Each structure stands twice: as structure tokens, then as C-alpha cells.
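Each chain is listed here by its residues.
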Amino acid sequence: MQLTDTQAGGRIAQLINTDGPGGAERVVAEVSTALQASGLDTVVFVPKDGEGWLERQLSGSGVTVEYCTIERPLSPASARTLADAFRRHRIAVAHSHEFSMGVYGAWASWLAGIPHVVTMHGGLYYAERLRRRLALRAAVAVSAETVAVSATCARDISRELGIRQSRIKMIPNGVRFVPPERVTLRDELGLRANDRLIVSLGNLYPVKGHAHLIEALARIADRHPAVHVAIGGRGDLADSLIDRARAHGLQGRVHLLGLRSDVAAVLAAADIFALPSLSEAMPLALLEAMFACRPIVASDVGDVRIALEQGSAGLLVPPGDDAALAAGLDRLLSDAAEAHAFGDRAGRRARAEYDLSRMVDRYVDVYRSALERTH
């Protein structure tokens, strides 16, 4: 990884207006840490009154953290303050993530006279209002590069903003996978040797489809009486998911793990990984499960089909289809040899396409190109 053309030792800025443990925030943390480790000084701009999760992830990495406040509706003062911060930190390229920082990062970069890159991670919340679409379209127009994390996301941006898809670069997410030293989850849950465990990871929001996973478990519970489901993530649906499990008499077989930092260890304890989402772009949890060589049953949404190589590296089911999800889980639970083969293919696919270093190298190429165009 090399990027020698930053202006007078200038830095790379990464900007995001949320700092909880979500997919976009994790990408910011991983990219920033990798850039800093390679010798590219990096500054991450995070919301002033945020949770502090992203800053904790960057602790000890050498990455500089800068706090910012974005006012709404569109605030010239916020853009000027951000531009001043770019000058103070000698930012050579600014890289914004998601809608709010995509707009303000582009605006501030234009004021500071530096190239701007914006990455959209799959949310369509900007499409709800004309003013947001116009603001994002203007941001794209003044940016050196617009990046989507999936082909589906690129198509959505093109359609909603009325811009050619050829103007959007696709850079798939990548993950850093380190095999765990200790795997304790089965003991934590009090599972017996012959118990089977289905794991799902994702914040407890309706779009993640965890209710459908519980319904699928209910359909196969009698056929597979030793199967448990563990869901890692946080959110407002915890109580309703437990109530749903209790209604099926499954309260002892559905486990909510909360937010876990030992994702690799959680995955290592799983017999099957389930992704029951109703919508996704390129979910990091899926890629992590692939690196862990888990047999996978996943909703056919976003670029999941591409990640799973059209279904050869994992079973694909229609989103929101409890019966299909149950059938996929039943198939892998019933055929250990097939499940093992799916897991092996998932691991090979992940190592070939979705390693963190590939994603970071692609972004470095984007930064280099943006700098060349401004010199």
C-alpha cells in the first residue's frame, strides 16, 4: 500500500456522523487503522455528542480523532467549521461515509480546495425527501469519486439521484479475520455436547429479520429438539423477540447475546450462521461468517448472492419467508457433509475476495486518483 502524493505530508480524513457499532462505523475503524499502520496519517471525524464506540475502536492505533457538530437543516457555518478543521489538520483527501457527512464533507472539501470521496453503505433514507436527494446529488457532483459497497447500492444511488451508474465505483466491504484463541459461548449458554447452535449477528432492528429466524426455529423445533438460536446485537426489539420465543415455548432455546466484541469466537461456536435480513448491501457479519467457514443460510438480498457465489458458498432463501428459512436450516442440520462442504467453499470465497487488505488497497487507489486529478 503506497500513497506518496499527499500534499506536503497531508493526511487522509475519514468522516462519519454516527459512531455506534454498525457496519459503516466498523469500515471507518478498519480502514483508518490500516491506513495509519501503513504510514498514512489519518484523522477520523466523529460526532461530538456520540456514543464514543468508534473512538474506543481506534484507541492505541495512532489515528487522530476530531469531534464535529453538524447542524440541520443545511448549515453553512457547519461546513465552514469543517473546512477550517481540514486546513488545521492538513487534510489532503477527505473521505465521507453515508448521507450527512457525504453532503457536509463534500461542501467543506470544496471550501478547503481538496478532493472528496463519498461512500454510501446501502441505506436509502436520503431517498425519502427531495431536498435530501438534491443535496446528495450536489455532493456527488463536486466529489472526485462516489463509492458504493455493493452493486445493489450502486443501482439505488443511480436511480434515486438520476446519475449514470458508470460514475459510481463499487468497492465491496472487507473484514479483518483473526481466529479466536478461546471459544466460550457454548459453555456460557449451558449447551450440552449434542446441542446444535444457529448464530445470527446484527442489531435488533426489524430490517435484520430476527423475528423470522425465531419463526423458522419454531417450524423445525420438534424435528431438531437439540437446536438453539443465539443472536448477537443490541436494539429495541429484545423484549419482543423474547416474547415471540416464549409464545412458541422456545424461551430456553433462543438466546440474546447483546453486543459482543468477540465475534470470531461467537462464530466459532456456531454450527450454522443465519442471515435472515430483509434488506442489506454487503453485510460484514456475513463476510465474517464466511471467513469462519460456517455453513450459511442467508436471505437473497443486496449483494449476498454475489458474496455467496450464486448460492454455491451458502444457501439463499427469499427474505421474510419463514418456511424457506426453516427448510434451509433443516437441510444443513440434517446433512453434516453438505454443511461442511458449504462452509469450506464460503471460507475459500472469503479469503479470495473479501480480505480487509483488498478493500483498503482499492480505497488507496481511489485517493491516489483523486489527488492526481487535482494536480
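Sequence order as written defines residue numbering, which begins from 1 separately in each chain. Local features in a predicted model are, by the rule used here, given only for residues with pLDDT of at least 70; side-chain atom pairs are given and counted only at 80 or more, and totals for whole chains, interfaces and linings are based on all residues. Side-chain measures were taken over the full set of non-hydrogen atoms in the model, leaving aside hydrogen atoms and water.

A.B. asks: Sorry, what's going on with the pairing of strand S5 (residues 116–120) here?
C.D. replies: For a regular strand, side chains alternate in direction, first toward one face of the sheet and then toward the other. Between buried and exposed lies partly exposed: a residue is buried under 20% and exposed over 50% of the maximum accessible area for its type, with that area taken using a 1.4 Å probe on protein chains only. Strands here mean DSSP runs of E at least two residues long; helices mean DSSP runs of H or I at least four residues long; both are numbered from the N terminus. S5 sits mainly inside the fold: 5 of its 5 residues count as buried. Here S5 shows two buried faces, one formed by His116, Val118 and Met120 and the other by Val117 and Thr119. Two strands are counted as paired when DSSP detects at least two bridges linking them. The pairing of strand S4 (residues 91–97) with S5 spans 4 bridges and is classified as parallel. Looking at the pairing, alanine 94 lines up with histidine 116 of S5. When the strands point away from the viewer and the path from the first strand over the helix to the second turns clockwise, the crossover is right-handed. Chirality of the crossover, the property in question, places the unit of S4, helix H4 (residues 98–112) and S5 among those that are right-handed. Looking at chain direction, S5 and strand S6 (residues 145–148) are connected through 4 bridges and run parallel. Residue pairing for S6: valine 117 is matched across the bridge by glutamate 145.

A.B. asks: Sorry, what's going on with the sheet that holds S6 here?
C.D. replies: Two strands in a sheet stick together by hydrogen bonds in their backbones, pointing the same way (parallel) or opposite ways (antiparallel). Reading across from one edge, S3-S2-S1-S4-S5-S6-S7 is the order of the 7 strands in this open sheet, with parallel pairing throughout. Edge positions in the open sheet fall to strand S3 (64–68) and strand S7 (168–170), since each of these has one partner strand only. Pairs of neighbouring strands in the sheet enclose a mean axial angle of 25°, with direction left out of account. With 3 bridges connecting them, S6 and S7 associate as parallel partners. Axis definition: a line fitted to C-alpha atoms, limited for helices to the stretch in contact. Angles are taken between N-to-C directions and run from 0 to 180 degrees.

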